[in-house]
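# Summary of the model geometry
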Amino acid sequence: KSVCDQCHLCPFPFNKKPIRYEFDSSLRLYPLPDVLILADQANFYQKKYKNELIVLNPGNFSLDSTFAIYWPATKEIELSNI
């Protein structure tokens, strides 16, 4: 939620994370995209943010070989595996 609220991929306070201002604009999320995929080791989740942004984590591929397929035309996400 804080990534979406702050429209930035690195939503830490200035005293916790130094900022390189010449590259900071590349981490901004304005305008918000249609989908934001945050891939890490957490379990699969999918959330809607303000009914316009889909935030999802496809889960840990190395554990169960699952991945997500996003269909932009229909804005649907399909969970699949190998």
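The structure contained in this document is the topic of the report that follows.

Within the secondary structure, Leu27 sits in the loop between helix H1 (2-6) and strand E1 (35-37). Put simply, Leu27 and Ser2 are 25 residues apart on the chain and 14 Å apart in space, counted from C-alpha to C-alpha. Residues in contact with Leu27, not counting those within four places in the same chain, are Cys7, His8, Leu9 and Cys10.

Roughly 280 Å³ of volume is contained in the largest pocket. Along the wall of the largest pocket there are 15 residues; nearest its centre are His8, Cys10, Phe14, Ile19 and Asp24. In the lining of the largest pocket, the residues fall into nine nonpolar, two polar and four charged. Approximately 160 Å³ is the volume attributed to the second largest pocket. The wall of the second largest pocket is formed by Lys1, Val3, Cys4, Leu36, Leu38, Tyr45, Lys47, Lys48, Tyr49 and Val55. Of all the secondary structure elements, the ones that give two or more residues to the lining of the second largest pocket are H1 and strand E2 (45-49).

This brings us to the sheet that holds E2. By way of backbone hydrogen bonds, the strands of a sheet pair with one another, either parallel or antiparallel. Sheet architecture is open: three strands sit in the order E1-E3-E2, paired in mixed fashion. The strands lining the two open edges of the sheet, one partner per strand, are E1 and E2. Neighbour-to-neighbour, the strand axes of the sheet open up by a mean angle of 15 degrees, direction not taken into account. Alignment of E1 against strand E3 (residues 53-57), held across three bridges, turns out to be parallel. Each residue of the ladder has a partner; that of Leu36, found in E3, is Val55.

Here is what the cut-offs are and how they apply
Residues numbered from 1 in each chain as written. Predicted model: local features only at pLDDT ≥ 70, side-chain atom pairs only at ≥ 80, totals over all residues. Heavy atoms only, no water. Helix = DSSP H or I, 4+ residues; strand = E, 2+ residues; numbered from the N terminus. Contact = heavy atoms within 4.5 Å. 1 Å grid on protein atoms, 1.4 Å probe; cavity = no way out; pocket = protein on both sides within 12 Å on 5 of 7 lines; lining within 4 Å. Points joined across faces, edges and corners; volume = space filled by probe spheres on them. Nonpolar A, V, L, I, M, F, W, Y, C, P; charged D, E, K, R; others polar. Pairing = 2+ DSSP bridges. Axes fitted to C-alpha atoms, helices over the stretch in contact; angles between N-to-C directions.

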